[in-house]
Structures are given as structure tokens and as C-alpha cells.
Amino acid sequence: MGRRLCEANIATETWIRELTPALSAGRSLTHLDLSKNDLRDVTAGTLFQALRGPGCKIEKLWVCSNRLTHRCCPQLALNLQTNPALKDLNLNDNYLGDSGVATLSRVLKETGCKIQKLGFWNNGITDTGCKVLTSALGLKETLTHLDLADNRLTDNAVPGLTSFIRCSIKLESIRLAGNRFSRAKRRDLLSCGLCASDSTHQA
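So, here is what we can say about the structure in this document. Computed from a predicted structure; not experimentally measured. (Residues numbered from 1 in each chain as written. Predicted model: local features only at pLDDT ≥ 70, side-chain atom pairs only at ≥ 80, totals over all residues. Heavy atoms only, no water.)

### What to know about the state of the cysteines
Taken as a whole and judged by the stated rule, the model has 0 disulfides. The structure places no disulfide on Cys-73, whose sulfur is separated from the nearest cysteine sulfur, that of Cys-72, by 4.5 Å. The class of Cys-73 is buried, set by a relative accessible area of 0%. (Disulfide = S-S within 2.5 Å. Buried < 20%, exposed > 50% of the residue type's maximum accessible area, 1.4 Å probe, protein only.)

Given below as C-alpha cells:
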């Protein structure tokens, strides 16, 4: 059974650096939750680099509510590219925007990426970023859960979303509440049968 590490309000860059040897070689550490630590991009970059150690087998990485922007995404994309064990990535409540999503999407579409759960709640994503993301994930055979709630999506994103939902092979749930859809377009999305209408999130 894998070990878990869950810490809030303690993960400074010094703490991350001190933990780096354990993270790099931590074959037994599979779940890492550093949400609500105010990591920001520089410290998060140090963390992501440590998680690319040859012995690291992280399956679940949560870094919600850390003021992360698109600037940390190239480092994170390398993790997605080099660690096929990573199945659950929660980036809820950050500031990735369309640019950050585009960077990650280039890796998410690769066959070597086995992601199952993705959290992008409240990240300032617009219709443009949504189109890039759903295009990348459209044929992803492993994806089961996607959270895009409380972003800046409008009716223009709905045709692409409905097509994505209907074509996704294993998708079980997609959160879209709190976006800027008209009532008619919300009905179109709900007709796909997978949209969660609640606004509860794990962040």
C-alpha cells in the first residue's frame, strides 16, 4: 500500500528542498497533497523537479489553492510526460488560465500520459483554453473525471464540450457549474448525462 503525505500551510521552498531526496527516491510515496500552501510558481517548480526523480512513483498530486500560474506549467508538463504512474492531478483554485492549460494539453494528449482525474476548477479558463483542452483529451482512453467548474466558459464552448463528452470513452463525470452558460445551453450539456450540477470541490 502506498504512503500518503498531506500538509497545509507549511510547504516553503526550504521545506521542499529538504524533502527533495525523499521525494526523488520515494517509491512508497504515492499520494502527495500540498494544497493551500501558497507555493507559487518558483516553489512549485522545485517540487515538480523533485518529483521527476527516478524512484518517484507519485500517483496522486494535489496542489490546489497555491497561486500557481502558467509559468509553472512547463515543469509540471515534464512530470506528466515522464511519470506514467500519475493518475490524479488536482490544480483547482489556481491561476493557470488558457496559457497554462495549453502547455499541459500538449502532454495530456500523448499516449504515454495515463491521467484519469483532472481538476481545473476556478482557473480563469476561457472558451479558447477549453477548446484546446478538450481537443487534447478527446481520445484519451483513461480519463474518468474532469472539473472545469467556475471558469469563464460561455455558450461558444458548448458544441465542443458536448462533442467531447459524447466521444469520451471512459468519462464518468464532468463538472461545469458556475460558468457563463445560458439556460438553453445548460440543458444541452445536461442532456449528455455526465454533468455534475453541484458546486462542491475538493480543494
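### So, the side chain of Asp-88
Here Asp-88 lies in strand β4 (residues 88-90). Despite being buried, Asp-88 has no salt bridge partner; Lys-60 is the closest side chain of opposite charge, sitting 4.6 Å away. A distance of 3.2 Å separates polar atoms of two side chains, one belonging to Asp-88 and the other to Trp-62. Asp-88 has contacts with Glu-59, Lys-60, Leu-61, Trp-62, Ile-115 and Lys-117, leaving out every residue within four places of it along the chain. (Helix = DSSP H or I, 4+ residues; strand = E, 2+ residues; numbered from the N terminus. Lys, Arg positive; Asp, Glu negative; His and termini not counted. Salt bridge = Lys/Arg side-chain N within 4 Å of Asp/Glu carboxyl O. Polar contact = N/O pair within 3.5 Å; in protein donor to acceptor, adjacent residues only side chain to side chain. Contact = heavy atoms within 4.5 Å.)

### Let's talk about the packing of helix α4 (residues 97-108) against helix α5 (residues 127-137)
Viewed as axis vectors pointing N to C, α4 and α5 meet at an angle of 10 degrees, and their least axial separation amounts to 9 Å. In terms of axis orientation, α4 runs roughly parallel to α5. Every residue of α5 that contacts α4 at Asp-98, Val-101, Ala-102, Ser-105 and Leu-108 is listed here: Thr-128, Gly-129, Val-132, Leu-133, Ala-136 and Leu-137. The class makeup of the residues in the contact of α4 with α5 is 7 nonpolar, 3 polar and 1 charged. (Axes fitted to C-alpha atoms, helices over the stretch in contact; angles between N-to-C directions. Parallel < 35°, antiparallel > 145°, perpendicular 65-115°, else oblique. Nonpolar A, V, L, I, M, F, W, Y, C, P; charged D, E, K, R; others polar.)

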